[in-house]
Amino acid sequence: MKRKLIAAIGVAGMLVSVAACGDSDSAGGGDKAKPKELTVWLTVDAQNNWPELVKAADDTIVKKYPGIKIKHEYYGWPDKNAKLDAVLATDKAPDVVEMGNSEMVGYMATGAFAEIDPATFDKSGDWLDGLKLSVTYEGKTYGVPYYAGGRVGTWRKDVAADAGVKAVPKTYKELTAALDKIQKKQGDKYNAWYQPSPDWYAAMSFVYDAGGSIAKQDGDQWKSTLSSPESVKGLGEYKKVLDSYMHGDKTKDESDRPVVFGQGKSATMFAAAWEGGTAAAPENDKVGKLADKIESFVMPGPSGKNLPVFLGGSDLAVPVKSDAQAVAGEWINAFTGAKGQQGLIAKGNLPNNKTDLEPLKSDPKTAVPATAAASSWFVPTAPGWGQVEKAKILQTMLQEIGTGKKSVDAAAKAADAKIDKVINTK
């Protein structure tokens, strides 16, 4: 998720304790006895795709607190943060707000959200690693994972078969051997693997697969580690992919990747699980019956293990200025708890915990994204991470590597220097 940092907000730690939701003046004094109203901000994803799950959570709270009014506001991702930043500067903050998981860091660092007790939320000890990291800052928890979405390999099985490849690859050696055959068969203007250079979610998967990282914490400071031997090794593997199989414009980002894939100019992509379906949608399918010709698989990594993926998704947080923090926590638990997770799974999402994820690995319909999500990474939970994203430091580095403007070593060192200037700044 690509989001913006908010302006600094006074730090104030509050505790949301679902166990104490029925008590007056709970949550560090943030709750009034039996609050009359609860305001919940969610994205249009919930409004359009699972409104019944929202209603079920509402019904649970209304049953316990007769007469309480629950107000919902829905927003699109592009305009959500500006609206949230504005309202957090007032005393009219919502009680629950949905956040993209990589957005959380900046808001947690500036004290915008109340601290919660994870033990009071369903299956919190089993949250997916990448999602748990997204709600954790300096050892404390400031949100609840809502749902997840992983990344998978998707390729044209008809193109692969035409090149003599009859099965999806299980190892990286099998993958590159298959791509070599496809590239040779289709010619040097074809993209055996359409991989936009600036796609840092994909590139960092190679970095973490090699044992590297974007940055590491040393005491109370973070330091960029893209030029470490391990990270450089991962970036080198990523460059091999770009050099060998990506023959399109290496300055373009991944925003229109499903459209490009739908045009039939490439055989493979490593992308969010939904992108294959989007490519096959009637408005994008220029191949004809593309849905019948694509196949997804767990992307293997050069290390011999599955390529670790960035888990996209959302978290739910309680603004520190909320006057109903405890009841807000209870609403979140009703929405993201056991019943809520099953409802989200039925809608095609991945759950927020490993227990619910496990059976999905053996279901043919969900096996690939569920298995891929089991190995994940997350962005550094540093106070200035939002500054890194805003400056597009990783994208610039990867474009320089992809186009050959700089060597891997030189680009990584330059990126380290830029990141180090902002990563510790709130």
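All residue numbers refer to position in the chain's written sequence, counted from 1. Restriction of local features to residues with pLDDT of at least 70 applies here, the model being predicted, together with a cutoff of 80 or more for giving and counting side-chain atom pairs; totals for whole chains, interfaces and linings are based on all residues. Water and hydrogen atoms were dropped before computing side-chain values, which therefore reflect all heavy atoms in the structure.

Novice: Go over unusual backbone geometry, please, and point to the residues and values.
Specialist: Note: most residues except glycine have negative phi, and most peptide bonds are trans. In this model, Lys123 sits at a positive phi of 55°, which is unusual for a non-glycine residue. The backbone of Glu138 sits at a positive phi, close to 50°, despite the residue not being glycine. Only DSSP runs of H or I with at least four residues qualify as helices, and only runs of E with at least two residues qualify as strands; both kinds are numbered from the N terminus onward. In this structure, Glu138 sits in the loop between β6 (136-137) and β7 (140-141). On the basis of relative accessible area, Glu138 is assigned to the exposed category, the value being 63%. Type-normalised accessible area, obtained with a 1.4 Å probe on protein chains alone, sets the label of each residue: buried when under 20%, exposed when over 50%, and partly exposed for intermediate values.

Novice: Break down the pattern of salt bridges for me, with residues and values.
Specialist: When a carboxyl oxygen of Asp or Glu lies within 4 Å of a side-chain nitrogen of Lys or Arg, that pair is called a salt bridge. Scanning the model with the defined rule gives 18 salt bridges in all. Among the salt bridges present, the one from Glu37 reaches Lys71, with a minimum N-O distance of 4.0 Å. Placement of the pair is Glu37 in strand β2 (residues 37-43) and Lys71 in strand β3 (residues 69-75), with a sequence separation of 34 residues. Arg156 serves as the salt-bridge partner of Asp158, at 2.9 Å between the closest nitrogen and oxygen. If you follow the salt bridges from partner to partner, you end up with Asp199, Arg257 and Glu275 in one network.

Novice: Tell me about the nonpolar core, and please be specific about residues and values.
Specialist: The definition of a nonpolar core used throughout is a set of buried Ala, Val, Leu, Ile, Met, Phe, Trp, Tyr and Cys residues joined through side-chain atoms within 4.5 Å. Counting residues in hydrophobic clusters, the biggest one holds 69 residues, and the most contacted among them are Ile182, Trp193, Trp200, Met204, Leu235, Leu394 and Met397. For this core, the element with the highest residue contribution is helix α8 (residues 200-209), accounting for seven residues. Only heavy atoms enter the contact rule, under which two residues are in contact if any of them lie within 4.5 Å. Residues within four places of Leu394 in sequence aside, it is in contact with Trp200, Met204, Ile214, Leu226, Trp385 and Ile419. The next biggest cluster of nonpolar side chains, apart from the first, holds 46 residues, and it includes Trp41, Val87, Met104 and Phe335.

Novice: Kindly report on the sheet that holds strand β15 (residues 312-317), identifying the contributing residues and their values.
Specialist: A pair of strands counts as paired when DSSP detects no fewer than two bridges linking them. If you trace the five strands from one edge of the open sheet to the other, you get β3-β2-β4-β15-β8, paired in mixed fashion. Looking along the sheet, the strands with just one partner apiece sit at the ends: β3 and β8 (144-149). Neighbouring strand axes in the sheet, compared pairwise and without regard to direction, differ in orientation by 20° on average. Alignment of β8 against β15, held across five bridges, turns out to be antiparallel. Looking at the pairing, Tyr147 lines up with Ser314 of β15. Orientation is described by axes fitted as lines to C-alpha atoms, over the contacting stretch for helices, and by angles from 0 to 180 degrees between their N-to-C directions. Its contacts with the sheet put helix α3 (residues 77-88) on β2, β3, β4 (96-100) and β15, and the angle it makes with β4 is roughly 135°.

In short, geometric facts, not functional conclusions.
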